[in-house]
Amino acid sequence: MIDGFKSDRILIVGLGLIGGSLALALRKAGFARELIGFDLKGENCELALALDAVDRVETDLGLAVAEADIVVLSVPVKAMEGVLARIAPYLRTNTLLTDVGSTKGNVVAASRRIFNPMLSGWVPGHPIAGAENSGMAAARQELFARHKIILTPLPESSAAAVDIISSMWRATGAEVLTMDVNHHDEVLAATSHLPHLLAFSLVDTLAQDHENRDIFRYAAGGFRDFTRIAASDPTMWHDVFLANRDAVLEVLDRFTDGLSQLRTAVDQGDGVTMLGVFTRAKAAREHFSRILAGTAYASPAHKLSKKAFKIGAKSRCVGRASLPGDKSISHRALILGALSEGQTVVSGMHEDEDTLATLQAFRDMGVVIEGPAEGLVTIHGVGLQGLRQAPGALYLGRSSTSLRLLTGLLAAQSFPSELTGNEVLEGCDLSTIIQPLQQMGARIDAVRESFLPVRISGIDGLKAITHQIETPSAQVKSALLLASMYAEGETRLTERVRTRDHTERMMAAFGWPIRADDNVVCSSGKGQLLPVSVIIPGDISLAAYFMVAALITRDSDLRLERVGANPSRTSLLDLLIGMGGLIEQSAKQESNDEPDACLHIRYSRLKPCRVDLSKIHCSVEELAVLLIALSFAEGESVLLDWNRVAQLDALKITVNGLQKLGIQIESQGDCLLIKGVGSEVLLAGHELDGKGNSVASMALAVAALRTGNSVIIQDCLGDIPYFPEFVSIAQSLGFELQSIG
Ligand SMILES: NC(=O)C1=CN([C@@H]2O[C@H](COP(=O)(O)OP(=O)(O)OC[C@H]3O[C@@H](n4cnc5c(N)ncnc54)[C@H](O)[C@@H]3O)[C@@H](O)[C@H]2O)C=CC1
Ligand SMILES: O=C(O)C(=O)Cc1ccc(O)cc1
């Protein structure tokens, strides 16, 4: 073997919980030819033999070491130095040596005092698995399965030695990571040592109370959960705190500060501070649980895990439905609520991965936000100057809305910020935002030109600009409008094509001096945001699936409640009405300058149409369902300026699916031609491929309502679903739609 290292004969020194469990696991895996044990306590040796954890036990440690290929030290951390000194004379240059101690700095320091030159076979380690019981009697063969093992190799450790020690641990079912010694001790001080210290202290404090019998007798689950680890071995933990003094003191001081702030809040009845701590902690705890479960912000309960849709031939589209709140408006309500001077209550917030990324970013910047609970969120606004620097980079997942809007807002803050996201967001070009913000005086540094990660320096203030937005983008406009609230003078933005205007409307609703005429928006640099109650209307882009479903399904009769009817969002609605779609709008209302309406939609004979896509503003989901509506119109429709959007996956997949269902669709030059089959024809059902794109899959599920036999759409939800309620709403309206695995 490389460097002469072998793994035939393993000696475990210390046959307690960890050493004994390792022996049992290696025995089960058949990792070594021979397992030898050594322990000062005879009873542990006897039990190890009786349980067949080891082949033999030795009483002479030196002799045992001399014949071992791997020596594992599994004794309390303060006993490590004595054992290292005792075995040093017997170690060969090709002996592998590792340990399992909970602290690493002291064990490594001890080894440096003893070995000169350092052994290349020495690889310190620590299994992050354990229990509050100790001794061989507590040992369990599966203790390390699916747990992490941290190795902290030294500069002198040979790569071959690290490989063999890693494979030994992997044989127990564990996952092996490597880490620097100091970093290990800091991380473990926070995640393991501090919680043990608190548990010991809490139980000891309460046990000294003369009423302690009652306290323990009536202890609720919280006390049990929190104090389980106070039953851990006192000697082991006394060793840990002696060994890792500095790192423990540092994290203990931070904890004590936090605790004393909470004490003050309790003393003064300061509910906002308490809510802030509790909501941040709850969100962080849930976030960590999701990291462990491999998901991001969206609640796992909302995730559609099913892989295919099956749509039966007898679907109907009858009844009433409410859509989740408009996503764009949800982002704006969170942002302006956080910046307002008081408490904003938002109802109907769309809870998806993207809006939750915005919400978390504000929590990270010190804003107390209660909820969301079924769309209800209470934001304790901190005022325009009240945001605090986040403790680390703000992670925005895949939300380009959060990224663009926050870049504008943070460019105006006095503190620095860093923005990061997942691989989808890494492809998001920010040049159209960064350049005008820089003109306003912002200091933004994107590591890869204008892509993530973005670092923004804190500044004293911005100056207003007059700027023409070349490529239509509501996100760019909104980013600049948010920055304008911190700029000296009036910011004047002109758009070539007017994009959705939720930011302007929401700023006005919060009392900001802002004017919008035609394609020009002017925002004053002086003002105040006053809290309001925000009712978020249903998302019209999501409503689009059901509008088109009702228009093409015989005998349909659908009412969609409180759908957002902001004129900058109704292009598709207007088009469908123009095509002869029977859609009535009633109960128009307005909340926070955002109009909404109830839509009553029935089965219709749709006329074909000619649409210049450069003249209207439709979201990708609206374009996908427009293709469906045109497929069932009475004749040929033409979409001009098609090439601009033709490469979007959602549209490519929708076009392919429709072709497979027998619809004639082809592109010619810059146009897409669609031969609608009329309102009577039923198509032949086929198996379709959603290619993991949820927009296309949902649009094709709508098209499948008009087939004579059932349709299966494979791979329909590979994406993170952004409309998890689609299936339940569709089913409630009589779609024969099933998610199948
Ligand atoms: N208990 C836990 O949850 C975890 C413990 N560890 C670390 O594992 C090591 C062992 O801990 P446990 O197995 O929990 O303790 P344990 O008390 O169950 O086992 C330690 C064993 O070492 C023996 N021992 C003590 N001094 C000795 C010496 N000089 N020579 C030979 N044997 C000696 C004891 O008789 C005992 O059987 C410690 O360094 C601890 O920090 C690491 C991860 C988890
Ligand atoms: O039982 C628990 O919850 C633990 O935390 C176990 C544990 C104790 C000590 C370690 O060094 C690693 C893991």
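Residues numbered from 1 in each chain as written. Chains lettered and ligands numbered in written order. Predicted model: local features only at pLDDT ≥ 70, side-chain atom pairs only at ≥ 80, totals over all residues. Heavy atoms only, no water.

J.: Where do I start with the overall build of the protein chain in this structure?
T.: Looking only at helices and strands, the protein chain features 26 helices and 35 strands. By principal-axis analysis of the C-alpha atoms, the protein chain measures approximately 95 × 60 × 55 Å. Counting the 741 residues in the protein chain, one finds 54% classified as buried. Contacts in the protein chain between residues far apart in sequence, at least 24 positions, make up 77% of those at least 6 positions apart. By element, 51% of the accessible surface of the protein chain is carried by carbon and sulfur atoms, the whole surface being about 31,400 Å². A gap of 4 Å separates the mean positions of the 69 positive and 86 negative side-chain charges of the protein chain. (Helix = DSSP H or I, 4+ residues; strand = E, 2+ residues; numbered from the N terminus. Buried < 20%, exposed > 50% of the residue type's maximum accessible area, 1.4 Å probe, protein only. Contact = heavy atoms within 4.5 Å. Areas by Shrake-Rupley, 256 points an atom, 1.4 Å probe, with all protein chains shown as cover. Lys, Arg positive; Asp, Glu negative; His and termini not counted. Charge placed at Lys NZ, Arg CZ, Asp CG, Glu CD.)

J.: I tried to follow the environment of Ser-478 on my own but got confused; where do I start?
T.: The topology assignment puts Ser-478 in helix H18 (residues 474–484). When its relative accessible area of 0% is taken as the criterion, Ser-478 is described as buried. Considering only alpha carbons, one finds Ser-478 and Asn-519, 41 residues apart in sequence, at a separation of 14 Å. Polar contacts involving the side chain of Ser-478 include one to the main-chain carbonyl oxygen of Ala-474, which spans 2.6 Å. (Polar contact = N/O pair within 3.5 Å; in protein donor to acceptor, adjacent residues only side chain to side chain.)

J.: Looking at this structure, I do not really get the pairing of strand E10 (residues 308–311). What am I missing?
T.: Within a regular beta strand, the side chains point alternately toward one face of the sheet and then the other, so they alternate between its two faces. Strand direction decides the pairing type here: E10 and strand E35 (residues 737–740), joined by four bridges, are antiparallel. By the bridge assignment, Lys-310 is partnered in E35 with Gln-738. (Pairing = 2+ DSSP bridges.)

J.: I'm lost on the confidence of the model for the protein chain in this one. Help?
T.: For residues with low pLDDT, the predicted coordinates do not support detailed interpretation. Of the residues in the protein chain, 97% have a pLDDT of 70 or more, and the chain-wide mean is 93. The model gives residues 298–304 a pLDDT under 50, and that stretch makes 12 contacts with residues more than four places away or in other chains. Among the scores for the predicted complex, ipTM is 0.99 and pTM is 0.76. (pLDDT = per-residue confidence, 0-100.)

J.: Help me understand unusual backbone geometry in this model?
T.: Among all residues except glycine, the phi angle is most often negative; among peptide bonds, the trans geometry is most common. The residue after Asn-116, namely Pro-117, is reached through a cis peptide bond having omega 5°. As for its position among the elements, Pro-117 is in the loop between helix H5 (105–114) and strand E6 (122–123). Of the consecutive residues Gly-371 and Pro-372, the connecting peptide bond is found in the cis state with omega at 5°. By the element assignment, Pro-372 lies in strand E13 (residues 368–373).

J.: What is the right way to look at the site of ligand 1 in this model?
T.: Around ligand 1 sit 28 residues in total, of which Asp-39, Asn-44, Val-75, Ser-102 and Gly-135 are the nearest. A distance of 2.7 Å is found between an oxygen atom of ligand 1 and a side-chain nitrogen or oxygen belonging to Asn-44. Ser-102 is positioned with one of its side-chain polar atoms (N or O) 2.7 Å from an oxygen atom of ligand 1. The fraction of the free accessible surface of ligand 1 (820 Å²) that becomes covered by protein chains is 88%. Contributions of two or more residues to the shell around ligand 1 are made by helix H1 (17–29), helix H4 (80–87) and strand E7 (125–128). Tallied by class, residues from the shell around ligand 1 come to 16 nonpolar, 10 polar and two charged. (Near = heavy atom within 4 Å. Nonpolar A, V, L, I, M, F, W, Y, C, P; charged D, E, K, R; others polar.)

J.: What should I look at first to understand the packing of aromatic side chains in this one?
T.: Two aromatic rings, taken as a pair, are described by how far apart their centres are and by the angle between their planes. Enumeration over the complete set of coordinates arrives at nine aromatic pairs. Centre to centre, the rings of Trp-237 and Phe-241 are 6.0 Å apart; their planes meet at 40°, and the pair counts as tilted. Here Trp-237 pairs with Phe-241, and both are found in helix H10 (residues 234–243), just four residues apart, close to one helical turn. Considered together, Trp-237 and Phe-241 belong to a single accessibility category, that of buried residues. Between Phe-723 and Phe-726, the ring centres sit 5.8 Å apart and the planes meet at 65°, which makes this aromatic pair edge-to-face. (Phe/Tyr/Trp six-rings, centres within 6.5 Å; stacked < 30°, edge-to-face > 60°.)

J.: What exactly am I supposed to notice about the sheet that holds E13 here?
T.: Across a sheet, strands are paired by hydrogen bonds formed along the backbone, either parallel or antiparallel in direction. Pairing is mixed in the open sheet, where four strands are placed in the order E13-E14-E12-E25. Every interior strand has two partners, whereas the edge strands, E13 and strand E25 (533–535), have only one. Across the sheet, the axes of successive neighbouring strands diverge by a mean angle of 10°, strand direction being ignored. Across three bridges, the pairing between strand E12 (residues 343–347) and E25 is parallel. Counted as the bridge partner of Val-345 is Ser-533 from E25. (Axes fitted to C-alpha atoms, helices over the stretch in contact; angles between N-to-C directions.)

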